[in-house]
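Summary of structural features
Here is how the chains run, residue by residue.
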Amino acid sequence: MYVILNFVNVNLIVNQKTCEMNVRNERLSIEEARQIDMVEYLSKEGHEPTKIRNADYWYFSPLRTERTPSFKVNRKLNRWYDHGMGKGGNIIDFAILYHNCTVGEFLQKLNGSFSFHQRLSGCSFPSNIDSAESKIKIVKERPLLSFFLCRYLHQRRIPLDVAERFCKEVKYEINGKEYFAIGFKNNSGGYEIRNPYFKAASAPKDITTFNNQGKEIFVFEGFTDFLSFMAIDPNQQHKYKDFLVLNSVSFFEKARPFMERHDAIRLYLDRDTTGQNYSRYALSLSTKYKDESNLYKHYKDLNDWILNIGKTEKKNLRQKLQ
């Protein structure tokens, strides 16, 4: 286990440096800047609403001195209007006036200081994920370019070059409003959708398989664990093996025929009750099944292990690498 830990640590440090360079090379686009939630941005700048009515947030104007609040932000539209000035617009229009800067200077300011953990506008999605998923429509897909999504991958310790091989940036629509996220395609053409604030799937939902005609198969619940596994092995020692991402453990039975055609089935399921129950069930079916989750037995899943691995050993490991 110690050898494995060191192997993983070294590879993750190298991959993390690559990912950091990729993220630094990305720049926030105007489109992405417009999606920053104005209410949270104003709070960051020290301005809090004096009253809230539905989606309307009222402030003392940040742009001038006044005694009666007349500056309104409609959070649903993410637009502002200063009634005393007779001016309004989006966050970029506000920033140009507030900071007395150009668009480029504002974007540079955001790249240097904006915390990725701040919520994007319009991310108050339906609490019922099943309901949201039934309304998701994929509008467009493209290579991973978004500054926000690259930062999200960086935070999950998934190198961008690994994610680019298996994922797309997708623009999707819910109730007439558009958003963007990382999209991982399944065998039926649907997508698993992830960004820092939303986790869902577009119909049709299905498993994702990578069939390289291998004799053994590696099985994961979700695609972040799959990407994490691929990040561990940048030299692709497993390129002649097969992979399966269930995208939901409810597809376990559906996936059995594909899994059981292999000589060995290596399970990297979550360490929660459901994942462990399925692992035990699989072991009862055949000796082909191997539970590999002991590798991350103190964590909820493989990606969580990678996020936390080496924190107590990092200093010693860095000294060894010097």
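One structure accompanies this document, and this report is about it. (Residues numbered from 1 in each chain as written. Predicted model: local features only at pLDDT ≥ 70, side-chain atom pairs only at ≥ 80, totals over all residues. Heavy atoms only, no water.)

1. Notes on the side chain of S146
The cut-off we apply is this: In this description a helix means any DSSP run of H or I spanning at least four residues, a strand means any run of E spanning at least two, and both kinds are numbered starting from the N terminus. Each polar contact in these results corresponds to two N or O atoms within 3.5 Å; when the atoms are within protein, one needs to be able to donate a hydrogen and the other to accept it, and residues that are neighboring in sequence are counted only if both atoms are side-chain atoms. In what follows, a contact means two residues having at least one pair of non-hydrogen atoms within 4.5 Å.
Its place among the elements puts S146 in the loop between β6 (137–142) and α7 (147–155). Among the polar contacts listed, one links the side chain of S146 to the backbone nitrogen of F148, at a separation of 3.2 Å. If near-sequence neighbours (up to four positions away) are discounted, S146 is found in contact with E32, E169 and F180.

2. A look at unusual backbone geometry
Of the consecutive residues A203 and P204, the connecting peptide bond is found in the cis state with omega at -5 degrees. By secondary structure assignment, the location of P204 is in the loop between β10 (198–201) and β11 (208–210). Of note in the backbone geometry, N247 takes a positive phi value of approximately 65 degrees without being a glycine. The topology assignment puts N247 in the loop between β13 (242–245) and α10 (252–259).

3. Some points on the packing of aromatic side chains
Counted only if it meets this: Any two of the Phe, Tyr and Trp rings considered here, Trp counted by its six-membered ring, make a pair once their centres fall within 6.5 Å; the pair's planes then place it as stacked at under 30 degrees, edge-to-face at over 60, or tilted in between. Ring-over charges, as used throughout, are those where CZ of Arg or NZ of Lys falls within 6 Å of the ring centre and within 35 degrees of the ring normal.
By the definition in use, this model includes 27 aromatic pairs. Arranged with centres 5.4 Å apart and planes meeting at 80 degrees, the rings of F166 and F210 form a pair that is edge-to-face. Pair noted here: F166 is in helix α8 (residues 160–166) and F210 is in strand β11, with a separation of 44 residues, a long-range link. Taken together, the ring pairs connect F166, F184, F210, F218, F220, F223, F226, F229, F243 and Y268 into an aromatic cluster. Here K51 stacks its cationic end above the ring of W58, 5.4 Å away from the centre of that ring.

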